[in-house]
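Structural characterization, general
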Amino acid sequence: MATTEEQQDIENEEKELETGARDAAEEEDNVENDGNSAGYEEEEEALSGSRKIGIVGSGLIGRSWAMIFASAGYTVSLYDIEFKQVEDAIEDIKKQLHDLYRQGLLRGDLSVEEQLLLITGSNDLGETVTGAQHVIECVPEKLPLKEKVFKQIEQFADDHTVLSSSTSCIPASRFTESLKRRNQCIVTHPVNPPYHVPLVEIVPSPWTDEDVILRTRKLLQEIGQVPVTLKNELPGFVLNRIQYSIINECYKLVAGGVMTAEDVDKVMTAGLGMRYAFLGPFEVMHLNAEGFGNYIERYGPTIRTVSNTFGPPPTFIGPGTEKVKKQLEDLIPLDQLEERRQLRDAKVAALSKLKRDLNS
């Protein structure tokens, strides 16, 4: 449930949008009553070919989407409730793009200045959504908030607009069921940081139109991301299910005294991660024997035997958590986290560039 403060913010935003929504509805009625079918067809064609992207939420993910779409030549309208937040976001985007250019990591063929000209800010939701080909919601992971925001967004959307959410775990069916345009809604879950980590999970709801899925995948490919499509909703989607299975086992190894946290991390960074940065687990299996079938013949029984010892997932409560926490804070004190985050981001950016160079 949302807190009283969060609920008040949502209600205030709804009140601000009511007048704009009524005006948009009246304009739509005027068009329908005009009787000029040729003009309507021209408008429909123009909207279907729109190069405008609406982004709702100017936090880190919203800013990243703005930069990615601008790098591909799309016009971006970045929305937030307070215009000061939008101004700060655009100023940060400007700094990031200049830094990326200096590091040789700027995406696309356009200059920094050309990309910045494509990004505008707004605290008018109708202005951001109206006429957009694709709208991406990037608000916090709170179900009541997403429900409210999507109800507001759909008031300004048209039949061509794809309404997507960057949620990392909440299925679209949980916040779009009551919408009139629920068939146009879909999840597009990016991986942080999206500018350097291109994977995007496409997760349709049971009522998402097939055309929306196809258009979303095509758009993401066009802007240089790497989309993967789930056939149906699944708790945690796919990336987090795989990530959580790794976290669970790593935690149990440290909590159970089998290995230190430092050494467990090395298993990934100096071992599995070296090949998984370039090959997925199925290709690794396929190459490590005479094909996947031969791999299963050789190692299938061992995999089953070891897997049967995994046991239930950890609760992350009790002395095991304190043990992992202490080891990590000894390795990386809390006052050094920001420094290590910057180092992490630099390494991910360098790996991203290396992969692009190898694939070019």
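Counting restarts for each chain: residues are numbered from 1 in the order of the written sequence. Only residues with pLDDT of at least 70 get local features here, since the model is predicted, and only at 80 or more are side-chain atom pairs given and counted; chain-wide, interface and lining totals rely on the full set of residues. Derived side-chain values reflect all non-hydrogen atoms in the structure, with water molecules and hydrogen atoms excluded from consideration.

Digging into the environment of I68
Here I68 shows up in helix α3 (residues 60-71). Separated by 130 residues in the primary sequence, I68 and P198 have C-alpha atoms spaced 9.9 Å apart. When sequence neighbours within four positions are dropped, the list of residues in contact with I68 reads R107, P194, Y195, I223 and Q225. For helices the rule is a DSSP run of H or I covering at least 4 residues; for strands it is a run of E covering at least 2, with both sets numbered from the N terminus onward. Any two residues having at least one pair of non-hydrogen atoms within 4.5 Å are treated as being in contact.

Here's the deal with the nonpolar core
In these notes, a set of buried Ala, Val, Leu, Ile, Met, Phe, Trp, Tyr and Cys residues joined through side-chain atoms within 4.5 Å is what counts as a nonpolar core. Only protein chains enter the calculation, and the probe is 1.4 Å; a residue is then buried if its accessible area is under 20% of its type maximum, exposed if over 50%, and partly exposed in between. Membership of the largest hydrophobic core comes to 33 residues, with the highest contact counts inside it found for I55, W65, F69, L97 and I223. Mapped onto this core, the elements with two or more residues apiece are β1 (52-56), α3, β2 (75-79), α4 (83-102), β7 (199-204) and α9 (210-222). In terms of residue count, the dominant contributor to this core is α3 (six residues). Aside from chain neighbours lying at most four places away, what touches I223 is W65, I68, F69, A72, Y74 and R107. Judged by nonpolar contacts, the second largest core, of 23 residues, contains Y79, V129, V135 and F156.

Description of the pattern of salt bridges
Any carboxyl oxygen of Asp or Glu within 4 Å of a side-chain nitrogen of Lys or Arg constitutes a salt bridge here. Taken as a whole, this structure holds 16 salt bridges when the rule is applied. Measuring nitrogen to oxygen at the nearest pair gives 3.0 Å for the salt bridge that ties R63 to D92. A residue pair is termed long-range when its members are at least 10 positions apart, and R63 in helix α3 and D92 in helix α4 qualify at 29 residues. Here the salt bridges share partners, and the residues they tie into one network are K95, D99 and R102.

Some thoughts on the sheet that holds strand β6 (residues 185-190)
The pairing criterion for strands is at least two bridges between them, as found by DSSP. Taken in spatial order, the eight strands line up as β3-β2-β1-β4-β5-β6-β7-β8 in an open sheet, and their pairing is mixed. In this open sheet, the two strands that pair with only one neighbour each are β3 (119-122) and β8 (226-229). Pairwise comparison of adjacent strand axes, ignoring direction, gives a mean angle of 25° for this sheet. In this sheet, β2 lies alongside β1 in parallel orientation, the contact comprising five bridges. Directly across from V56, in β2, lies its bridge partner Y79. Angles here are taken between N-to-C directions and fall from 0 to 180 degrees, while the axes themselves are lines fitted to C-alpha atoms, restricted in helices to the stretch in contact.

So, the pairing of strand β5 (residues 162-165)
Each regular strand shows side chains that alternate between the opposite faces of the sheet. Of the two faces of β5, the one carrying V162 and S164 and the one carrying L163 and S165 are both buried. Two elements, strand β4 (residues 134-137) and β5, share four bridges in a ladder whose sense is parallel. Paired with H134 across the two strands is V162, which belongs to β5. Taking the sense of rotation as the criterion, the β-α-β connection linking β4, helix α7 (residues 143-154) and β5 turns out right-handed. Here the term right-handed applies to a crossover when the path leading from its first strand over the helix to its second strand runs clockwise, the strands being oriented away from the viewer.

So, the confidence of the model for the protein
For the protein, per-residue confidence averages 89 on the pLDDT scale, and 86% of positions sit at 70 or higher. pLDDT measures the predictor's confidence residue by residue and takes values from 0 up to 100. Note that residues 1-48 has pLDDT below 50 and, in this model, 30 contacts with residues that lie over four places away or in other chains.

Quick word on a nonpolar patch on the surface
A residue counts toward a patch only above 30% relative accessible area and without a salt bridge, and it is joined to like-charged neighbours within 9 Å or, for Val, Leu, Ile, Met, Phe, Trp and Tyr, to nonpolar neighbours within 5 Å. Per-residue and other accessible areas follow the Shrake-Rupley method at a 1.4 Å probe size, with only the shown protein chains counted as cover for residues. A contiguous nonpolar surface patch, about 300 Å² in accessible area, is contributed by L234, V238, I242 and I246. Looking at the secondary structure, you find V238 in the loop between β8 and α10 (239-255). A relative accessible area of 37% means that V238 is categorised as partly exposed.

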